[in-house]
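The residues making up each chain are set out below.
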Amino acid sequence: MKKFDNLAFDEKYTLDTFEKLVNCDSTTGKCDDIEKLVCSMLDELATPYEVIHKGGVIADLGGEGNPLVVTAHLDDIGLMVRHINADGTLKVVPVGGLYPFYCVTENVRIYTRDGKVYTGTICRTPNSIHVTEDELRKNVGDFAKDVCIVLDEDVRCADDTRKLGIETGDVIALYPRFEFQNGYIKSRFVDDKAAVAVLFAVIKKLKEAKAKLGRKVYFYFAEYEEIGHGTTVLPAGVKDMIAVDIAPTGPEQTSDEKKVTIFAKDSRFPYHYELTNELRALAKDNDIDYALDIFTPHYGTDCDPSISAGYDIRHAAIGFGTSNSHGYERTHIDGLKKTYDLLLAYLLK
């Protein structure tokens, strides 16, 4: 960036923060652990916050007038126990947009309602190619028919599993498997914990530089984004909202893992034309490599529920190009840096 050189992107802090966040399981509906983690991180940065009654944290960054909300979400896609099978394995249903072909053979943690944690693996049913080759050549299309979770426990029947305390409704989190190689970030849940890490990097730098914000700013760390109602409650008087989320790459997409994307439209709504243009102008003025993109047919951000809830706000979204969305995702540190640069430029303009 041409400006704000004293607020340069801190790569190590951002990566360390992402790793800390991604290793804290937070399947939608069970975000208590990550909520506590985020609150402790805000305490370390001496940033006041409010915990939303239904779940979520709104940090108050200060500033005056014309309030802005910047949001990134804490919840991850995952699974829930649907039924305990006769052989003691678990039938599951997805929580959020998780599909069998993107998670078979992944390791998981099962959280019981009594606070116990067990491990297991998502397996095909049947699960061994050496004895069921023809069956395993079929597509994995349905959690109910084609997939089960095999526990790392000595269970042979449903009663054995129930004696562990596992029951219908228990939440299941997938292992993230974070790696950083040659600038590339590979992990589950880049969506959206990489964006949360970017927001924390912004808070840290603003605090260190004692920078003056151009307006009142809230950072909203939302829960329930993956099921569509993350930000249905906003602070009073909010005028504008910017979501920071992944920008999925694909054959007809302009998004790039090394760029920041400014969203023109998602599968629900166009983003606010003037606010989107303000972000575009800032990217140009500050030599930030960006793309404009449209995401259909299955994409939305936490701006959408706020608009649907009736808030009189302008809304926009930005984010880093990300491949393999809702699977084992990948982005690049350059994309995070450019997202950081554009957000910072907007906050200080």
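Novice: Is there a simple way to think about helix H7 (residues 273-285) in this case?
Specialist: Because the α-helix completes a turn every 3.6 residues, residues three or four places apart line up on one side. Compared with the 18 Å implied by 1.5 Å per residue over 13 residues, the 18 Å span of H7 between its first and last C-alpha is a close match. Along H7, the residues that are buried comprise Leu275, Thr276, Leu279, Leu282 and Ala283. The arc enclosing the buried residues of H7, seen along the axis, measures out at 120°, which places them on a common side. Packing partners of the buried residues in H7 comprise strand S13 (240-244), strand S15 (260-265), strand S16 (290-294), strand S17 (314-322) and helix H9 (333-348). Phi turns positive, to about 55°, at Asp287, one or two residues after H7.

Novice: I'm lost on the sheet that holds strand S18 (residues 329-332) in this one. Help?
Specialist: Backbone-to-backbone hydrogen bonds pair the strands of a sheet. The strands run either parallel or antiparallel. The strand order across the open sheet formed by three strands is S10-S11-S18, and the pairing between neighbours is antiparallel. A strand with exactly one partner marks an edge of an open sheet, and here the two such strands are strand S10 (179-181) and S18. With strand direction ignored, the average angle separating the axes of adjacent strands in the sheet is 20°. One ladder, built from four bridges, connects strand S11 (residues 184-187) with S18; its direction is antiparallel. Bridge pairing in S18 links Tyr184 to His332. Across the sheet, helix H1 (residues 11-22) lies against S10 and S11, angled at about 5° from S11, the strand it touches most.

Novice: Can you walk me through the packing of helix H6 (residues 190-209) against H9 in this structure?
Specialist: Two measures define how a pair of helices packs: the angle their axes make with one another and the distance between the axes. Contact pair H6 / H9: the axes reach a minimum separation of 10 Å and the direction vectors enclose 50°. When the axes of H6 and H9 are compared, the pair comes out oblique. For the pair H6 and H9, the crossing hand works out as right-handed. Facing Ala194, Val198, Leu199, Ala201, Val202, Lys205 and Leu206 of H6, the residues of H9 in contact are Leu336, Tyr340, Leu343, Leu344, Leu347 and Leu348. For the contact of H6 with H9, the residue count by class is 12 nonpolar, no polar and one charged.

Novice: Where do I start with the environment of Thr105 in this structure?
Specialist: You can see Thr105 is positioned in the loop between strand S5 (90-95) and strand S6 (107-111). A C-alpha to C-alpha distance of 44 Å links Thr105 and Val238, two positions 133 residues apart in sequence. Not counting chain neighbours up to four residues away, the residues in contact with Thr105 comprise Thr121 and Ile122.

Conventions used here
- Residues numbered from 1 in each chain as written.
- Predicted model: local features only at pLDDT ≥ 70, side-chain atom pairs only at ≥ 80, totals over all residues.
- Heavy atoms only, no water.
- Helix = DSSP H or I, 4+ residues; strand = E, 2+ residues; numbered from the N terminus.
- Expected span 1.5 Å × (residues − 1).
- Buried < 20%, exposed > 50% of the residue type's maximum accessible area, 1.4 Å probe, protein only.
- Arc of directions from axis to C-beta.
- Contact = heavy atoms within 4.5 Å.
- Pairing = 2+ DSSP bridges.
- Axes fitted to C-alpha atoms, helices over the stretch in contact; angles between N-to-C directions.
- Parallel < 35°, antiparallel > 145°, perpendicular 65-115°, else oblique.
- Left-handed = near helix turned anticlockwise from the far one by under 90°.
- Nonpolar A, V, L, I, M, F, W, Y, C, P; charged D, E, K, R; others polar.

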